[in-house]
Amino acid sequence: MVVREAELSFDASAYGRYVADVYDETYAYLTPDSAVQVLAELAEGGPVCEFGIGTGRLALPLVERGLTVAGIEGSSDMVAGLRSKAGGDRIDVAVGDFTHTRVPGDFALVLLAFNTVFALPDQAAQVACFRNAAAHLRPGGRFVVEAWVPDPAAFRNGSALRPVRVAEDEVLLEAALLHPAEQRMTTTKVRLTAGGVHLLPANHRYAWPAELDLMAELAGLRREHRWAGWTRLPFGDDSREHVSVYRRADSA
Ligand SMILES: C[S@@+](CC[C@H](N)C(=O)[O-])C[C@H]1O[C@@H](n2cnc3c(N)ncnc32)[C@H](O)[C@@H]1O
């Protein structure tokens, strides 16, 4: 029997407190090239605002392509990581919660990548996030959401343990508990390297793509594209993740 431990906090700075110091090395295997290519095309010259900008994994390559990028980030530890990198000082970042924090500007594109929409605690917060994204967009602007597709069948008796990455010098596992009544998952990634063991906890309030589409409608956004990933392959029955592009409904 799996014991359901006390819930972790869902506050906007929680993730970074545990993860900031190992975030870049843990996710170095995610090459951002296809995402950056797609985002640069969708931004049509920018400017871009990234919600949950983190240490700049996507934002810095976008800046390198000549786009103006701003961000909202809940964790000052993650922002410190961004600032320590070349070009990190060229990005305006507001430290706050992207459900309501505003940065000045009318943006061509707002980005919410890497499942971060599920970092919010409940449906109301996710709807608020869509509304805040819409409020940052200029007419015709786009909101891009990258997220996994929920898969409760991957859980046995409410729990799952899966390898995320297995390499000669690193093993990354994810232990997860499912709370289906509230569409929530409690997860902790366990990273094993010669340097030791790191625990990377994250809570998720998950939602199927159709629910995200409704949140977009509530915010005055219409779906323009849904792909199975940054390669822009068609989204289908077997897709385990999606990149969804929403556009302000008042666009031409
Ligand atoms: C999975 S990381 C993704 C970082 C970056 N976008 C990337 O793709 O590498 C999620 C980021 O969102 C931030 N975050 C989570 N919830 C937030 C919230 N409610 N408001 C602002 N930032 C938040 C975390 O601190 C973290 O930096």
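The rules we used
Residues numbered from 1 in each chain as written. Predicted model: local features only at pLDDT ≥ 70, side-chain atom pairs only at ≥ 80, totals over all residues. Heavy atoms only, no water. Near = heavy atom within 4 Å. Polar contact = N/O pair within 3.5 Å; in protein donor to acceptor, adjacent residues only side chain to side chain. Areas by Shrake-Rupley, 256 points an atom, 1.4 Å probe, with all protein chains shown as cover. Nonpolar A, V, L, I, M, F, W, Y, C, P; charged D, E, K, R; others polar. Core = buried A, V, L, I, M, F, W, Y, C linked by side-chain atoms within 4.5 Å. Buried < 20%, exposed > 50% of the residue type's maximum accessible area, 1.4 Å probe, protein only. Domains from an automatic or database assignment. Contact = heavy atoms within 4.5 Å. Patch = residues over 30% accessible without salt bridge, like charges linked within 9 Å, V, L, I, M, F, W, Y side chains within 5 Å. Salt bridge = Lys/Arg side-chain N within 4 Å of Asp/Glu carboxyl O. Helix = DSSP H or I, 4+ residues; strand = E, 2+ residues; numbered from the N terminus. Buried area = accessible area lost by both parts, 1.4 Å probe. Pairing = 2+ DSSP bridges. Axes fitted to C-alpha atoms, helices over the stretch in contact; angles between N-to-C directions.

### Some thoughts on the site of the ligand
Alright, step 1. With respect to spatial proximity, 20 residues lie near the ligand, and among them Tyr23, Glu50, Gly52, Arg57 and Glu73 are the closest.
Alright, step 2. A distance of 2.6 Å is found between an oxygen atom of the ligand and a side-chain nitrogen or oxygen belonging to Tyr23.
Alright, step 3. Here a nitrogen atom of the ligand and a backbone polar atom of Phe98 are 3.0 Å apart.
Alright, step 4. Coverage of the ligand by the protein amounts to 95% of the 600 Å² it exposes when considered alone.
Alright, step 5. Of the residues that constitute the shell around the ligand, the class distribution is 10 nonpolar, six polar and four charged.

### Let's talk about the nonpolar core
Alright, step 1. Phe51, Phe130, Phe143 and Leu221 are the most contacted members of the largest nonpolar core, which totals 36 residues.
Alright, step 2. Built from parts of two domains, this core gets at least three residues from each of domain 1 (14-149 + 208-248) and domain 2 (152-204).
Alright, step 3. Beyond its immediate stretch of four places on either side in the chain, Leu221 contacts Phe130, Ala134, Leu137, Phe143, Ala216, Tyr246, Arg247, Arg248 and Ala249.
Alright, step 4. With 28 residues, the next largest nonpolar core counts Val38, Ile91, Trp230 and Val245 among its residues.

### Notes on a nonpolar patch on the surface
Alright, step 1. On the surface, a cluster of nonpolar side chains totalling about 270 Å² of accessible area is made up of Leu192, Val197 and Leu199.
Alright, step 2. Mapped onto the fold, Leu192 is located in strand E8 (residues 184-193).
Alright, step 3. The class of Leu192 is partly exposed, set by a relative accessible area of 35%.

### Topic: the domain arrangement of the protein
Alright, step 1. Domains assigned within the protein are domain 1 (14-149 + 208-248) and domain 2 (152-204).
Alright, step 2. Here domain 1 and domain 2 have C-alpha centroids that lie 23 Å from each other.
Alright, step 3. Both faces considered, domain 1 and domain 2 share a buried interface measuring about 1300 Å² in area, 64% of it formed by carbon and sulfur atoms.
Alright, step 4. Where domain 1 packs against domain 2, one counts one salt bridge.
Alright, step 5. Of the charged contacts, one joins Arg191 and Glu25 as a salt bridge, the two residues approaching to 3.1 Å between their closest N and O atoms.
Alright, step 6. Of all the secondary-structure elements, those providing two or more residues to the side of domain 1 that touches domain 2 are helix H1 (14-19) and helix H2 (23-26).
Alright, step 7. With three residues, the top contributor of residues to the side of domain 1 that touches domain 2 is H1.
Alright, step 8. Partitioned by chemical class, the residues of the side of domain 1 that touches domain 2 number 11 nonpolar, one polar and two charged.

### A short note on the environment of Ser75
Alright, step 1. Among the structural elements, Ser75 can be located in the loop between strand E2 (69-73) and helix H5 (76-83).
Alright, step 2. With a relative accessible area of 1%, Ser75 lands in the buried category.
Alright, step 3. Sequence separation of Ser75 and Arg226 is 151 residues, and the distance between their C-alpha atoms is 29 Å.
Alright, step 4. A distance of 3.0 Å separates the side chain of Ser75 from the backbone nitrogen of Met78, its partner in a polar contact.

### Focus on the sheet that holds E8
Strand pairing in a sheet is mediated by backbone hydrogen bonds. Such pairs are either parallel or antiparallel.
Alright, step 1. The sheet built from four strands is open, its strands ordered E6-E7-E8-E9 with antiparallel pairing. Where the open sheet ends on each side, the last strands, each with one partner, are strand E6 (159-167) and strand E9 (196-205). Put simply, the sheet's adjacent strands are angled 15° from each other on average, direction ignored.
Alright, step 2. The pairing of E6 with strand E7 (residues 170-179) spans eight bridges and is classified as antiparallel. The residue bridging Leu161 from the neighbouring strand is Ala175, located in E7.

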